[in-house]
Amino acid sequence: MDVDRTDSVTAAAGLTVAVAVTIWTALAVVSLSMALAGVNPWLASVTNVLVAVGAAPALWHRRREPVWRWCVCGLATGVVAGWVWLLASALWG
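Residues numbered from 1 in each chain as written. Predicted model: local features only at pLDDT ≥ 70, side-chain atom pairs only at ≥ 80, totals over all residues. Heavy atoms only, no water.

The end-to-end C-alpha distance of helix α2 (residues 41–62) is 32 Å, a good match for the 32 Å that 22 residues give at a rise of 1.5 Å each. When the local axis directions of α2 are compared, the greatest deviation, roughly 35 degrees, occurs at alanine 56, which is followed within four positions by the proline proline 57. Capping of α2 at its N-terminal end is provided by asparagine 40; its side-chain oxygen lies 3.1 Å from the backbone amide nitrogen of tryptophan 42. (Helix = DSSP H or I, 4+ residues; strand = E, 2+ residues; numbered from the N terminus. Expected span 1.5 Å × (residues − 1). Bend = angle between axes of the 7 residues up to and from the residue. Polar contact = N/O pair within 3.5 Å; in protein donor to acceptor, adjacent residues only side chain to side chain.)

What follows is the structure, encoded as C-alpha cells:
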C-alpha cells in the first residue's frame, strides 16, 4: 500500500502556521483593545467590530488558497480568542 505523506506534512506545517498566527492575532487584538479602552471603551468596541467586518471579505476570498487558508484560519481563531480574552478580563478582571 503506497501512502502519500504530502498532505500530512502540509497539514502539520499549516497547523503550525495557524497556531502562530492565532497567538499573534489574539495578542494584537487584546493589546490594541486595552490601549483604546483606556481612552474610551466604546472606541475599543467599535474599532474591533469595524476591523473584523472590514477584513472579513478579503480573508473570505483567500480561504481557498493553499498557504493563505492556514493564515485565514489563524486570523479568525485569533480574533475570536482575543474577544473571549477581553470579555473574560472585563467580567473577572
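Scanning the model with the defined rule gives one salt bridge in all. Across the pair arginine 62 and glutamate 65 runs a salt bridge whose closest N-O atoms are separated by 3.2 Å. Glutamate 65 sits in the partly exposed class, given a relative accessible area of 32%. (Salt bridge = Lys/Arg side-chain N within 4 Å of Asp/Glu carboxyl O. Buried < 20%, exposed > 50% of the residue type's maximum accessible area, 1.4 Å probe, protein only.)

Applying the stated criterion to the full structure yields zero aromatic pairs. When the ring centre of tryptophan 68 is taken as reference, the NZ or CZ atom of arginine 62 above it lies at 5.2 Å. Lying over the aromatic face of tryptophan 60, arginine 63 brings its terminal NZ or CZ to 3.8 Å of the ring centre. (Phe/Tyr/Trp six-rings, centres within 6.5 Å; stacked < 30°, edge-to-face > 60°. Lys NZ or Arg CZ within 6 Å of the ring centre and 35° of its normal.)

A contiguous nonpolar surface patch, about 560 Å² in accessible area, is contributed by Val19, Ile23, Trp24, Leu27 and Trp85. Top element by residues in the nonpolar patch is helix α1 (residues 6–39). It accounts for four residues. The residue isoleucine 23 is located in helix α1 in this model. Assessed through its relative accessible area of 48%, isoleucine 23 is described here as partly exposed. (Patch = residues over 30% accessible without salt bridge, like charges linked within 9 Å, V, L, I, M, F, W, Y side chains within 5 Å. Areas by Shrake-Rupley, 256 points an atom, 1.4 Å probe, with all protein chains shown as cover.)

Taken N-terminus to C-terminus, the directions of α2 and helix α3 (residues 68–92) make an angle of 160 degrees; their axes are 10 Å apart at the nearest point. Judged on the interaxial angle alone, α3 and α2 are roughly antiparallel. Judged by the sense of rotation from one axis to the other, the crossing of α2 with α3 is left-handed. Seen from α2, the contacting residues are Asn48, Ala52, Leu59 and Arg62; seen from α3, they are Trp68, Arg69, Val72, Leu75, Trp83 and Leu86. Of the residues that constitute the contact of α2 with α3, the class distribution is seven nonpolar, one polar and two charged. (Axes fitted to C-alpha atoms, helices over the stretch in contact; angles between N-to-C directions. Parallel < 35°, antiparallel > 145°, perpendicular 65-115°, else oblique. Left-handed = near helix turned anticlockwise from the far one by under 90°. Contact = heavy atoms within 4.5 Å. Nonpolar A, V, L, I, M, F, W, Y, C, P; charged D, E, K, R; others polar.)

Keep in mind that these numbers describe shape and distance, not what the molecule does.
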